[in-house]
Amino acid sequence: MTLTQLRYLIAIADSGLNITLAAEKVHATQPGLSKQLKQLEDELGFLLFQRKGRSLESITPAGKDVLAHARRVLAEAGNIRAYAANERGEKQGRLTLVTTHTQARFVLPPAIADLARRFPDVSIHLQPAAEGEVLAQLATGQADFAVVSTAGEIPTGGLAVPLYRWRRVVLVRDGHALASLGRAPTLAELAPLPLVSYESTNKPESSLRRAFAEAGLEPQIAMTARDADLIKTYVRAGLGVGLLAEMAVSAREDGDLRALPAPAAVPECTSWAVLPRERVLRDYALELLLALAPQLDRSDLKRAVAGHDTPLWPAPPSWVELSQAITN
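Only a predicted model underlies this, so the values are computations on that prediction, with no experimental measurement involved.

Engineer: So what exactly am I meant to see when it comes to the overall build of the protein chain here?
Structural biologist: When helices and strands are tallied, the protein chain shows 12 helices and 12 strands. A principal-axis box enclosing the C-alpha atoms of the protein chain has dimensions of 75 × 50 × 30 Å. Put simply, the protein chain shows about 16300 Å² of open surface, and 53% of that area lies on carbon and sulfur atoms. Across the protein chain, 36 positive and 36 negative side-chain charges occur, with their mean positions spaced 3 Å apart.

Engineer: I tried to follow the environment of Ala264 on my own but got confused; where do I start?
Structural biologist: Mapped onto the fold, Ala264 is located in the loop between strand S11 (257-261) and strand S12 (269-275). By relative accessible area, Ala264 is classed as exposed at 74%. Sequence separation of Ala264 and Arg168 is 96 residues, and the distance between their C-alpha atoms is 9.8 Å.

Engineer: Just to check I follow, could you spell out helix H1 (residues 3-14) for this structure?
Structural biologist: Each α-helix winds once per 3.6 residues, and so residues spaced three or four apart point in a common direction. The terminal C-alpha atoms of H1, which comprises 12 residues, lie 16 Å apart, in line with the 16 Å expected from a rise of 1.5 Å per residue. All buried positions along H1 are accounted for by Gln5, Leu6, Tyr8, Leu9, Ile10, Ala11, Ile12 and Ala13. Close packing links the buried residues of H1 with helix H2 (19-25), helix H3 (30-44), strand S1 (49-52), strand S2 (55-59) and helix H4 (61-88). Two residues or fewer past H1, Gly16 is found with a positive phi of approximately 70 degrees.

Engineer: Honestly, the pattern of salt bridges in this entry has me stumped. Any pointers?
Structural biologist: Here the idea is simple: oppositely charged side chains can pair when their charged atoms come close. A complete count under the given rule lists 22 salt bridges for this structure. Taking the shortest distance from any N to any O, the salt bridge between Glu218 and Arg209 comes out at 3.3 Å. We note a salt bridge from Arg236 to Asp256, for which the minimum N-O separation is 2.7 Å. In this pair, Arg236 sits in helix H9 (residues 228-236) while Asp256 sits in the loop between strand S10 (241-245) and S11, placing the two residues 20 residues apart along the sequence. A relative accessible area of 29% means that Arg236 is categorised as partly exposed.

Engineer: Would you mind going over the sheet that holds strand S6 (residues 159-166) with me for this structure?
Structural biologist: Through backbone hydrogen bonds, the strands of a sheet pair up, either in parallel or in antiparallel fashion. With mixed pairing, five strands are arranged side by side in an open sheet as S4-S3-S5-S12-S6. On the outer flanks of this sheet lie strand S4 (121-128) and S6, each paired with one strand and no other. The mean angle between the axes of side-by-side strands here comes to 20 degrees, regardless of whether they run parallel or antiparallel.

Engineer: Is there a simple way to think about the environment of Ala13 in this case?
Structural biologist: Tracing the backbone shows Ala13 in helix H1. In this structure the C-alpha to C-alpha distance between Ala13 and Phe49, which are 36 residues apart in sequence, comes to 9.6 Å. Excluding anything up to four places from it in sequence, Ala13 contacts Ile59, Leu67 and Arg71.

Engineer: What is the right way to look at the sheet that holds S10 in this model?
Structural biologist: Spatial strand order, S9-S8-S10-S7-S11: five strands in an open sheet with mixed pairing. At either margin of the open sheet sits one strand with a lone partner, and together these are strand S9 (220-225) and S11. Strand-to-strand twist in this sheet, taken as the mean axis angle between neighbours without regard to direction, amounts to 30 degrees.

Engineer: In this structure, what is going on with the side chain of Ser323? I would like to understand it.
Structural biologist: Following the sequence through the fold, Ser323 ends up in helix H12 (residues 319-327). By relative accessible area, which is 18% here, Ser323 ends up buried. Within the structure, the side chain of Ser323 is placed 2.9 Å from the backbone oxygen of Val320, a separation counted as a polar contact.

Engineer: Explain the packing of H1 against H3 here, please?
Structural biologist: It is at 9 Å that the axes of H1 and H3 come closest, and there the two elements cross at 110 degrees. Overall, the two elements H1 and H3 adopt an arrangement that is roughly perpendicular. Across the interface between the two elements, Gln5, Leu6, Tyr8, Leu9 and Ile12 from H1 touch Gly32, Leu33, Gln36, Leu37, Gln39, Leu40 and Glu43 from H3. In the contact of H1 with H3, the residues fall into seven nonpolar, four polar and one charged.

Engineer: So what exactly am I meant to see when it comes to the nonpolar core here?
Structural biologist: Generally speaking, soluble globular proteins have nonpolar side chains that are buried together. By size, the foremost hydrophobic cluster in this structure holds 51 residues, and its most contacted members are Phe145, Leu288 and Leu301. At seven residues, the largest contribution of residues to this core is made by helix H10 (residues 283-292). The contact partners of Leu288, leaving out residues within four places of it in the chain, are Leu95, Leu97, Ala111, Ile112, Leu115 and Phe145. Formed by 21 residues, the second largest nonpolar core is a distinct cluster that contains Tyr8, Leu37, Leu40 and Leu48.

Reading guide: rules and limits
- Residues numbered from 1 in each chain as written.
- Predicted model: local features only at pLDDT ≥ 70, side-chain atom pairs only at ≥ 80, totals over all residues.
- Heavy atoms only, no water.
- Helix = DSSP H or I, 4+ residues; strand = E, 2+ residues; numbered from the N terminus.
- Areas by Shrake-Rupley, 256 points an atom, 1.4 Å probe, with all protein chains shown as cover.
- Lys, Arg positive; Asp, Glu negative; His and termini not counted.
- Charge placed at Lys NZ, Arg CZ, Asp CG, Glu CD.
- Buried < 20%, exposed > 50% of the residue type's maximum accessible area, 1.4 Å probe, protein only.
- Expected span 1.5 Å × (residues − 1).
- Contact = heavy atoms within 4.5 Å.
- Salt bridge = Lys/Arg side-chain N within 4 Å of Asp/Glu carboxyl O.
- Pairing = 2+ DSSP bridges.
- Axes fitted to C-alpha atoms, helices over the stretch in contact; angles between N-to-C directions.
- Polar contact = N/O pair within 3.5 Å; in protein donor to acceptor, adjacent residues only side chain to side chain.
- Parallel < 35°, antiparallel > 145°, perpendicular 65-115°, else oblique.
- Nonpolar A, V, L, I, M, F, W, Y, C, P; charged D, E, K, R; others polar.
- Core = buried A, V, L, I, M, F, W, Y, C linked by side-chain atoms within 4.5 Å.

Structural data, given as structure tokens:
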């Protein structure tokens, strides 16, 4: 049994049992991958997959157990490599981050640009995903950490580290009835208007929907998108009133629009870094985390990531405070 065989096994499972896709993912040939899978099954003495003709149909119960062990084995092998690279002071490698469009587009660029200057030999890969898909992607083990936002609750699926707090804003075209309001509109004023917001608004557990429901109101959702730039585009097109994250609106880029505070009943959100537990982070990944959360203590963060301690994290700053810290 080899680490390569275990890596191929995981690739097949994570590619929907599609051998062709799995081979592309691990940069192998399809015949080579199939041969390694057969050798692993021969050594184990049982099938890992049920087959239908030449295709894989499902993972066997025993295959599921082996897959779980294989993920842990490869994770620990990765930890050893990361620890050794840190000990050698290596400044090259690969950093993969899964996050939402809003974080990737409006929050991460200054911190990543600074990281790229300090670690020019590190290959940085962003995997944008819908809010509800980010942690599922992290669970596959293909990312070093995730950045997500919640309205109060702590994310599950790993070690959650609070980064910063942010609020939503109401965005309208110049000349809209709300544009000259000079204050935050109320939920009652927004309820009859067509609203344009994030995809997550469609979910019953959406904090925005809950805010309206608690006030006995039903919002009129005209359109949703995972991309904040699309929300602004359709606000400009007159489709409705935008409700989006404050960091997605810029006085320089969006001077043709009017931004108002969201109603006070719409809860504040927190952005979190979620890290796989007991993962040895490369030094450059740790530096990116500290850039996104300068209020954190380096030693506390390293102990928590290693699984030795879960500290009481300091209160996260507001988006305004963080943006000033990472751009200065």
